[in-house]
Amino acid sequence: MSTLDIAEGMLAQHADVCAAEAARLLHAYVTRRRLRLTGTAHALVAREPDLSEVVAGRRLPGAP
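Residues numbered from 1 in each chain as written. Predicted model: local features only at pLDDT ≥ 70, side-chain atom pairs only at ≥ 80, totals over all residues. Heavy atoms only, no water.

## A look at helix 3 (residues 37-45)
Buried within helix 3 are the following residues: Thr 40, Ala 41 and Leu 44. Take helix 3 and look down its axis: the buried residues cluster within an arc of 105°, on one side only. Tucked inside the fold, the buried residues of helix 3 contact helix 1 (3-15), helix 2 (19-33) and helix 4 (51-55). Looking one or two places after helix 3, you find Arg 47, whose phi comes out positive at around 70°. (Buried < 20%, exposed > 50% of the residue type's maximum accessible area, 1.4 Å probe, protein only. Helix = DSSP H or I, 4+ residues; strand = E, 2+ residues; numbered from the N terminus. Arc of directions from axis to C-beta. Contact = heavy atoms within 4.5 Å.)

Written out as C-alpha cells, the structure reads:
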C-alpha cells in the first residue's frame, strides 16, 4: 500500500466519505494550493496539515 493510498484512506475515514471522494478531495486540495500530490500525501500521513484542512474545501451538493 502506497503513502497516497494511506492518506486517501485516512481522509475517507476522517470525512466519512468513500475512497473515490477522498481522492477527489485530496486532488482538489493540492490543485487549489499548487502543491505536489506525493508531498502532500506524506505530510497528511505525518498529520501535518490537519485532515480537516483538506475536507474544508468540500463543496456542498448543488454548490457551483
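Read on, since the account is not over.
## Describing the packing of helix 2 against helix 3
Relative to each other, helix 2 and helix 3 sit at 115°, their axes nearing to 10 Å. One element, helix 2, and the other, helix 3, form an angle in the roughly perpendicular class. Relative to helix 3, the crossing made by helix 2 is right-handed. Facing Leu 26, His 27, Tyr 29 and Val 30 of helix 2, the residues of helix 3 in contact are Leu 37, Thr 40 and Leu 44. Taken together, the residues of the contact of helix 2 with helix 3 break down into five nonpolar, two polar and no charged. (Axes fitted to C-alpha atoms, helices over the stretch in contact; angles between N-to-C directions. Parallel < 35°, antiparallel > 145°, perpendicular 65-115°, else oblique. Left-handed = near helix turned anticlockwise from the far one by under 90°. Nonpolar A, V, L, I, M, F, W, Y, C, P; charged D, E, K, R; others polar.)

## What about the nonpolar core?
Counting residues in hydrophobic clusters, the biggest one holds 15 residues, and the most contacted among them are Leu 11, Leu 25, Leu 26, Leu 44, Leu 51 and Val 54. At the level of elements, helix 1, helix 2, helix 3 and helix 4 are the ones that each hand at least two residues to this core. (Core = buried A, V, L, I, M, F, W, Y, C linked by side-chain atoms within 4.5 Å.)

## Let's talk about the environment of Gly 39
Of note, Gly 39 is situated in helix 3. Separated by 35 residues in sequence, Gly 39 and Leu 4 place their C-alpha atoms 9.3 Å apart.

## Description of a nonpolar patch on the surface
On the surface, Met 1, Ile 6 and Val 45 cluster together into a nonpolar patch covering about 310 Å² of accessible area. Exposure remark for Met 1: the relative accessible area of 84% places this residue in the exposed category. (Patch = residues over 30% accessible without salt bridge, like charges linked within 9 Å, V, L, I, M, F, W, Y side chains within 5 Å. Areas by Shrake-Rupley, 256 points an atom, 1.4 Å probe, with all protein chains shown as cover. Salt bridge = Lys/Arg side-chain N within 4 Å of Asp/Glu carboxyl O.)

## Observations concerning the packing of helix 1 against helix 2
Here helix 1 crosses helix 2 at 105°, and the two axes come no closer than 8 Å. Here helix 1 lies roughly perpendicular to helix 2, going by the angle between them. Residues Leu 4, Glu 8, Leu 11, Ala 12 and Ala 15 of helix 1 touch helix 2, and the partners they reach there are Ala 19, Ala 22, Ala 23, Leu 25, Leu 26 and His 27.

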